[in-house]
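What follows is each chain in one-letter form.
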Amino acid sequence: MMFCRAGHISGWVAAATIAVAGIFLPADADAGMGYAVVPTTIIYPGDTLSASQLQEVEVTNPNLSGDFAKSISQVEGLVSKRTLLPGRTISVSGLREPYTVTRGSSIRLIFSLGAMTISAAGSPLEDGATGQLIRARNMDSGVIVSGTVLADGTVHVRAK
């Protein structure tokens, strides 16, 4: 039977543990977990986010998950749907594109069929962002039509 010092064995156990951990743990386990965008001031619903109101902070909580914003460029210019508090991550689902047309404003309705194009004055019955389908009232006839909001603020009316 052989005896050896306990300190000598614990050194070998520690070395073996480190070696096994290096093999089975992912290489980026100790690396940074990226960045998250947080407001520096309170941002209220309907406010447009600007770079001066935001900062990027390093994520240190390994349990942080979800659809939080990771860069300022990802959220700059979007509009908040809910109150955003300083130091808290910003959920991307809590933001929306700014409206291109607003309810009650004056817009141009355009209907195209082949080479024929009809244009009329209209008023949107709801707010709409570019690419969104909204209802609008033709100001000349009073008829309510549906159409897609274009980037220039006009509404392209669909044929029924």
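Predicted, not measured: the structure shown is a model, and the values here were computed from it.

Criteria and cut-off values
Residues numbered from 1 in each chain as written. Predicted model: local features only at pLDDT ≥ 70, side-chain atom pairs only at ≥ 80, totals over all residues. Heavy atoms only, no water. Core = buried A, V, L, I, M, F, W, Y, C linked by side-chain atoms within 4.5 Å. Buried < 20%, exposed > 50% of the residue type's maximum accessible area, 1.4 Å probe, protein only. Contact = heavy atoms within 4.5 Å. Helix = DSSP H or I, 4+ residues; strand = E, 2+ residues; numbered from the N terminus. Pairing = 2+ DSSP bridges. Axes fitted to C-alpha atoms, helices over the stretch in contact; angles between N-to-C directions. Phe/Tyr/Trp six-rings, centres within 6.5 Å; stacked < 30°, edge-to-face > 60°. Lys NZ or Arg CZ within 6 Å of the ring centre and 35° of its normal.

(A) Region of the structure containing the nonpolar core. Listed in full, the 11 residues of the largest apolar core are V37, I43, L49, L54, A69, I72, V75, L78, L84, I90 and L95. If near-sequence neighbours (up to four positions away) are discounted, L78 is found in contact with D47, T48, L49, L95, R96 and E97.

(B) The arrangement of the environment of I43 in detail. Inspection of the secondary structure puts I43 in the loop between strand 1 (35–39) and strand 2 (54–58). The buried category is assigned to I43, whose relative accessible area is 0%. Separated by 11 residues in the primary sequence, I43 and L54 have C-alpha atoms spaced 9.9 Å apart. With residues up to four places along the chain from it excluded, the contact list for I43 reads L49, Q53, L54, S80, R82, T83 and L84.

(C) Up close: the sheet that holds strand 8 (residues 144–149). Around the barrel, five strands lie side by side as 5-6-7-8-9; this closed barrel has mixed pairing. Ignoring strand direction, the axes of neighbouring strands in this sheet form an average angle of 50°.

(D) Structural context of the pairing of strand 6 (residues 116–124). Sheet topology places strand 5 (residues 107–113) next to strand 6; seven bridges connect them, and they run antiparallel. Of the residues in strand 6, the one forming a bridge with I110 is S119. The loop that links strand 5 with its antiparallel partner strand 6 comprises two residues; one of these, G114, has a positive phi angle of about 65°. In the sheet, strand 6 pairs with strand 7 (residues 133–138) via three bridges, with the strands oriented antiparallel. Among the inter-strand pairings, S123 is bridged to a residue of strand 7, identified as R137.

(E) How the structure looks around the environment of A121. Structurally, A121 is set in strand 6. Given the relative accessible area of 26%, A121 is considered partly exposed. As for A121 and L109, which are separated by 12 residues in sequence, their C-alpha atoms are 6.0 Å apart. If near-sequence neighbours (up to four positions away) are discounted, A121 is found in contact with I107, R108, L109, R137, N138, M139 and D140.

(F) Quick peek at the side chain of Q53. Tracing the backbone through its elements, the reader meets Q53 in the loop between strand 1 and strand 2. What Q53 contacts, discounting residues up to four positions off in sequence, is V38, P39, T40, T41, I43 and T48.

(G) Broad picture of the packing of aromatic side chains. Scanning the entire structure with this criterion turns up zero aromatic pairs. Over the ring of Y99 we find R96, and its NZ or CZ is 3.9 Å from the ring centre.

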